[in-house]
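For reference, the chains in residue letters:
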Amino acid sequence: MVLIKKTGLVAALSVLALAGCGGGGGGTPSATATPGGGAPAVPAPSPQTPAPQPVVDPCSAQGIAYQVADGTTTLQKANETGALGYAFATDIARGMKTYGIFVSNESGTYAYRATAPAQDVAGWKTALNANGQEGYLFKGPLVLNNQMQDLYVKNTKCNRTYTYEVEALGISKDAALAQMNAWGQKGYNTLQPYFVGASPATVAVFFKDSASADKFSHDLVPSTIGIAATQTLLSERGAQGWSYLGPVVFEGVSYFWFMKRDSVSTVEYQVVDTEAPANDTAAAVADVFNSHAKQGFYYFGSQHLGTQSADIYYKSTKMVQQPLSGISNP
C-alpha cells in the first residue's frame, strides 16, 4: 500500500470523558434505648453504595504504542492489524527496506475500505459523504495493485459520522487562507489539497465531525531550513496552540501550514535527525517510534529541511483522536 502524501496532518481531537463519583450525606445515627433498660441498641450500618467507576470514552486516547511490520502494507494487513486496535499510519523506508507503521492509543479498533477514485469533483463529494455517513473518514489516496484507490478508515467503537464539502482551492496564499478560515468558523476542518479527475482540478476538502463542536483557524508562515530553525518555529507556534500540518506551496513560495482548534491550548514538538534503527528489523524500527511514544509523542512524518532529513513528532494537550485523516497519521 503506497500512500501519496501531498501536505500533512489534519488532526481531529477528542475529550476523555469521566463520570463523576457520587456521595451521600447525613448525620451520625443516635442510640436507641431498649425495653427493660439494657444497653442501647445501635442500628446496623446501612450498606454502602460503591462509588461509580470512571467511564472511559472508547473514542479517546489513553496511551500510545507502535507496531511495525515488514514490507508494504496491504488492505488486508491494515484490516487485520486494525482489528487488534492498531491504526495504519504510513509506510516508510529505512535503509534498504520498507516498513508499515501502525499506532494504537487504546481508543478503538479500525476497519479500512478502498474505493476507485471519482472522475470529477461532484462525484467525489458524493462518494466522500456516502462513506462519511457510515462513519468512514477519508485517509488519503493510495496505490493498490498498481491502481490508484481512495482509502477510508473507521473507528468501529465510535458512533460518529463525517460531512464533507469540496471546492476548488484558492490559487493565492491569501485566497486559500480566507477559504479555509471561513469553513473553519463553521466547524469544518481542512484536509490536504488533492487533484481530481482526468484533467486534474486542485480542490480543497473540508469535513465536519459529528462529535466535535470545535472551530478551526489556519495560518501559513514562511518555511524554515534546517532542524534547529524548524524546532524553534514549531515550538513557538505550538506554545500558542498551533498544530503543524506540513509544507505547502502557493505561487512558487513555500510555506509551513498550521491549524488551531478551539479545544487545544498547546502542542509540543520534537524535530530530530532521521533516526536509523539499531538493525534492519521491524522490532528495531518499532523501538525508535516507541521511545518517543513513551514520552507521549506521536510520529508526524519525515521531511526534508534543506540539506537535512528530519523526523517530526508532536504531543498535544488534548491527545489525538484515532483514526486521523492524513498520510503519516492514522
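Structure shown above.
Summary of the structure given here. Source: prediction; values computed, not measured.

Below, the discussion takes up the overall build of the protein. For the protein, the count of helices and strands is 5 helices and 17 strands. Burial status across the protein gives 48% buried among its 330 residues. Sequence-distant contacts in the protein: of pairs separated by 6 or more residues, those separated by 24 or more amount to 74%.

Before going further, it helps to examine the sheet that holds strand E13 (residues 243-250). Within a sheet, each strand pairs with its neighbour through backbone hydrogen bonds, oriented either parallel or antiparallel. The 3 strands lie next to each other as E12-E14-E13, forming an open sheet whose pairing is antiparallel. Strand pairing shows two members of the sheet lacking a second neighbour, strand E12 (216-222) and E13, which therefore form its edges. Strand-to-strand twist of the sheet, defined as the mean angle between neighbouring strand axes without regard to direction, takes the value 30°. Bridge count between E12 and strand E14 (residues 253-261): 7 bridges; the pairing is antiparallel. Among the inter-strand pairings, Asp219 is bridged to a residue of E14, identified as Phe258. Strands in contact with helix H3 (residues 173-184) are E12, E13 and E14; relative to E12, the strand with the most contacts, it is inclined by about 160°. Along the sheet, helix H4 (residues 227-238) makes contact with E12, E13 and E14, crossing E14 at roughly 30°.

Here we come to the environment of Phe216. Tracing the backbone shows Phe216 in strand E12. Of the residues examined, Phe216 reaches a relative accessible area of 3% and is grouped as buried. A sequence separation of 27 residues divides Phe216 from Asn189, and the C-alpha atoms of the two residues are 6.3 Å apart. Beyond its immediate stretch of four places on either side in the chain, Phe216 contacts Asn181, Gly184, Gln185, Gly187, Tyr188, Asn189, Met259, Lys260 and Arg261.

What follows covers the packing of aromatic side chains. Any two aromatic rings considered together are summarised by their centre-to-centre distance and by the angle between their planes. Throughout the structure, instances matching the rule amount to 17 aromatic pairs. Put simply, the rings of Tyr66, Phe289, Tyr299 and Tyr313 pair up and form one aromatic cluster. Across the ring face of Trp183, the terminal group of Lys186 is positioned such that the distance to the ring centre comes to 4.5 Å. Stacked on the ring of Trp242, the Lys or Arg Arg237 has its end atom at 4.8 Å from the ring centre.

Definitions and cut-offs
- Residues numbered from 1 in each chain as written.
- Predicted model: local features only at pLDDT ≥ 70, side-chain atom pairs only at ≥ 80, totals over all residues.
- Heavy atoms only, no water.
- Helix = DSSP H or I, 4+ residues; strand = E, 2+ residues; numbered from the N terminus.
- Buried < 20%, exposed > 50% of the residue type's maximum accessible area, 1.4 Å probe, protein only.
- Contact = heavy atoms within 4.5 Å.
- Pairing = 2+ DSSP bridges.
- Axes fitted to C-alpha atoms, helices over the stretch in contact; angles between N-to-C directions.
- Phe/Tyr/Trp six-rings, centres within 6.5 Å; stacked < 30°, edge-to-face > 60°.
- Lys NZ or Arg CZ within 6 Å of the ring centre and 35° of its normal.

Honestly, that's just the spatial picture; any functional story needs more than this.
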